[in-house]
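Listed below are the residues making up each chain.
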Amino acid sequence: MTDSPLSPRPVVFSDDVLEHLPTHLRTNMCGELRPEHVGRTVSVCGWVSSRRVHSEHLAFVDLRDYTGLVQCVVDGAADLRSEYVVRVTGTVVAREEQWINPKLATGEVELADCTVEVLSVAEPPPFQLDERHETDETIRLRYRYLDLRRAQMQRNLRTRATINSAIRRAMESQGFLEVETPMLIASTPEGARDFVVPSRLKPGSFYALPQSPQLFKQLCMVGGIDRYFQIARCLRDEDLRADRQFEFMQLDAEMSFASQDDVLSAISTTVAAVVEAVTGETIGEIPRMTWMEAAERFGSDKPDVRFGLELIELTDVFTATEFNAFKAPCIKGIRVPGGAEFTRSRLDELTDRAKRWGAKGLVWMRVKPADAGSVELDSPVAKFLSDDEKAALVAATEAVDGDLLLLVADERPKVRHVLGLLRLDIGRPPVNEGGLNFLWVVDFPLFESVDEATGRPVSAHHPFTMPHEDDFGLLDGSPEDLLGVRSQAYDLVLNGWELGSGSVRIHRADIQQRVFELLGISKEEAQLKFGFLLDAFRFGPPPHAGFAFGIDRLVALLVGEENIREVIAFPKTQSGADPLTQAPTDIDPAQLAELGLRLLPRAAD
Ligand code: ASP
């Protein structure tokens, strides 16, 4: 793990690349000029970033291309405005000592005796390109092509490209073959809503856009590809959030004759190569934690292990309690160091939140000093607890003067869920603090719940996930037993964000049949939905396993952005719209007719 704050290295333009950048209009790049160039006559091209007129014959123009800025001394009379595109030919000169700008990579030099050629004029931009935080995001997205000129967006997109190329190199060097899978397909089983595309040649029928290449990569294994990867575009029609877009990029991979360990090792190698390429740091071995441990200690299947506030088991402390609110199957708590200072209104707020997340209530206790160096609990419920219970609680939580204890009593999953969220609410550091904490979460349950209406288990990953071999026997047990079945599924987590997931797949028809039965997928339905995969599995499927991780999220975390829109060239807004192209738009009635479609009146019409 790395401990330093996230610090992507500045994008470096190597001499090898710079050597190829001259064109018929430029000899050099703006950001490249250094004292070693002094005396040379150069031509640079770019956008006017700023212009300071000193006199009729003297103006300073900062010229910008993607490599940086250079100051050009030009005739004050030249009609140059912000964002004009110009070619400047001049001589590189050293700046006088007092004018050296240490904040600028080119700050020791400037271009003098300049001839300026305007290549294209520009209207005043609708927002300041260097003052991002004051610009509304919708405006930035409406004029994304201007927004992309900003150094931060340039850095984000260039770091993204570095990551993609590090992924490719690392996967190829481990024997993975890049295979492109189709975009117009039948539905995939990731459990989200499909985007669909009407078929013109078969009116009334639809393609689905892939939620992932899952079924095709498994077919590749049957096809003897052995190791597949793809930097794949996936589409899921789900509500958008800071870390979710309709379309996103995944490193998608699948390996034949491979176990969970083989996949974890290959993906860890690739992740390490990516981090190395971006930060220059080595992450070492990625630790593993079982799903159960993550749930019990952090109340989450994507634990943010950068900070403490772990969930403490207290059920045993209150087994004989007289306090009604604690007569529950599970009691856990968190100890907030220094939390005794929290105001009453903050505690009320936390209680409201806990209730919103499903708790019946939240018990808080301030830990105060008492006689003889011991502590006492200051809480509206303290009077309902026996002295033994209080002492055992202090011992179990290792509470000291100044702490706050927060307790929830309920069914075990509810307790974990609520305290897991409270923990994040109280203690989570900003995304770019505390280094990069990668974690493998393994041994996920095969089923996440049992549907109360149907009595059927609900798949936690997708229905092709292999159960844990030791738990095969439980597949024929009670609903309780089923919830205890572990799967050979695993997630990669970074700083509390789920980066991706994968599993060992079922390649045996009998086990697949049993899992389908349990999920309530009938033979006919299975045949209809995944028949082509099941057919393929009749012809010698190798044992195989795979994984996919979200590239947008990884890039965002590596450049220290909270929002994945900052690392996507042309993202959609939270409401799924594109302010630049206005998508989604109406389509022509003729197009509808051709597709055999007629629209229902809109609700608002
Ligand atoms: N197809 C899965 C997903 O997109 C990943 C995998 O199991 O390989 O989440």
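Please refer to the structure higher up on the page.
Conventions we followed
Residues numbered from 1 in each chain as written. Predicted model: local features only at pLDDT ≥ 70, side-chain atom pairs only at ≥ 80, totals over all residues. Heavy atoms only, no water. Near = heavy atom within 4 Å. Polar contact = N/O pair within 3.5 Å; in protein donor to acceptor, adjacent residues only side chain to side chain. Areas by Shrake-Rupley, 256 points an atom, 1.4 Å probe, with all protein chains shown as cover. Helix = DSSP H or I, 4+ residues; strand = E, 2+ residues; numbered from the N terminus. Phe/Tyr/Trp six-rings, centres within 6.5 Å; stacked < 30°, edge-to-face > 60°. Buried < 20%, exposed > 50% of the residue type's maximum accessible area, 1.4 Å probe, protein only. Lys NZ or Arg CZ within 6 Å of the ring centre and 35° of its normal. Pairing = 2+ DSSP bridges. Contact = heavy atoms within 4.5 Å. Axes fitted to C-alpha atoms, helices over the stretch in contact; angles between N-to-C directions. Parallel < 35°, antiparallel > 145°, perpendicular 65-115°, else oblique. Left-handed = near helix turned anticlockwise from the far one by under 90°. Nonpolar A, V, L, I, M, F, W, Y, C, P; charged D, E, K, R; others polar.

## Looking at the site of the ligand
Point 1. Residues in close proximity to the ligand total 14 residues, the closest being Glu190, Gln214, Lys217, Arg236 and Arg505.
Point 2. Side-chain polar atom of Gln214 to a nitrogen atom of the ligand: 2.6 Å apart, as the coordinates give it.
Point 3. His461 is positioned such that a nitrogen or oxygen atom in its side chain is 3.1 Å from an oxygen atom of the ligand.
Point 4. Protein contacts shield 95% of the accessible area of the ligand, which totals 270 Å² for the unbound molecule.
Point 5. Looking at the shell around the ligand, the elements with two or more residues in it are helix H5 (214-222), strand E21 (497-504) and strand E22 (544-550).
Point 6. When residues of the shell around the ligand are assigned to their parent elements, the largest contribution, three residues, is made by E22.

## Here we look at the packing of aromatic side chains
Point 1. Here the structure, examined in full by the defined rule, presents twelve aromatic pairs.
Point 2. Their ring planes at 15° and their centres at 5.7 Å tell us that Phe516 and Phe530 sit as a pair that is stacked. Of this pair, Phe516 sits in helix H12 (residues 509-519) while Phe530 sits in helix H13 (residues 523-536), and the two are 14 residues apart along the sequence. Each member of the pair, Phe516 as well as Phe530, carries the same accessibility label: buried.
Point 3. Here a set of aromatic residues connected by ring pairs shows up, and it is made of Phe318, Phe323, Phe326 and Phe384.
Point 4. A cation over an aromatic ring shows up here: Arg142 above the ring of Tyr143, its NZ or CZ 4.7 Å from the ring centre.

## Describing the sheet that holds strand E14 (residues 363-369)
Point 1. Taken in spatial order, the five strands make up an open sheet running E12-E13-E16-E14-E15, and their pairing is antiparallel. Of all strands in the sheet, those bounded by a partner on one side alone are strand E12 (312-313) and strand E15 (375-378).
Point 2. By the bridge criterion, four bridges tie E14 to E15 in an arrangement that is antiparallel. Pairing of Lys368 across the sheet is with Glu376, part of E15.
Point 3. The strands that helix H8 (residues 344-356) touches are E14 and strand E16 (404-410); relative to E14, the one it contacts most, it runs at about 145°.
Point 4. Across the sheet, helix H10 (residues 412-427) is in contact with E12, strand E13 (330-336) and E16; its angle to E13 comes to roughly 10°.

## Notes on the sheet that holds strand E9 (residues 227-235)
Point 1. Taken together, eight strands build an open sheet; the order of strands is E6-E9-E10-E22-E21-E20-E17-E11 and the sheet is mixed. The open sheet has two free edges, formed respectively by strand E6 (177-178) and strand E11 (288-290), since each of these has just one partner strand.
Point 2. Summarising the sheet, E9 and strand E10 (residues 247-256) pair through nine bridges and their orientation is antiparallel. Across the sheet, residue Leu235 finds its bridge partner in E10, namely Glu247.

## Let's talk about the side chain of Asn495
Point 1. Note that Asn495 resides in the loop between strand E20 (489-494) and E21.
Point 2. Classification of Asn495 as buried rests on a relative accessible area of 1%.
Point 3. From its side chain, Asn495 meets the backbone oxygen of Gly435 in a polar contact 3.0 Å long.
Point 4. Among all residues touching Asn495, those that are not within four sequence positions of it are Asp304, Arg306, Arg428, Val431, Glu433, Gly435, Leu436 and Asn437.

## Details of the packing of helix H4 (residues 151-173) against helix H14 (residues 551-559)
Relative orientation and spacing of two packed helices are given, respectively, by the angle between their axes and the distance between those axes.
Point 1. Closest axis-to-axis distance for the H4/H14 pair is 10 Å, and the angle between their directions is 120°. Classed by the angle they form, the pair H4 and H14 counts as oblique. The handedness of the crossing between H4 and H14 is right-handed. Across the interface between the two elements, Arg155, Asn156, Thr159, Arg160, Ile163, Asn164 and Ile167 from H4 touch Ile551, Asp552, Val555, Leu558 and Val559 from H14.
Point 2. Residues of the contact of H4 with H14, tallied by class, amount to six nonpolar, three polar and three charged.

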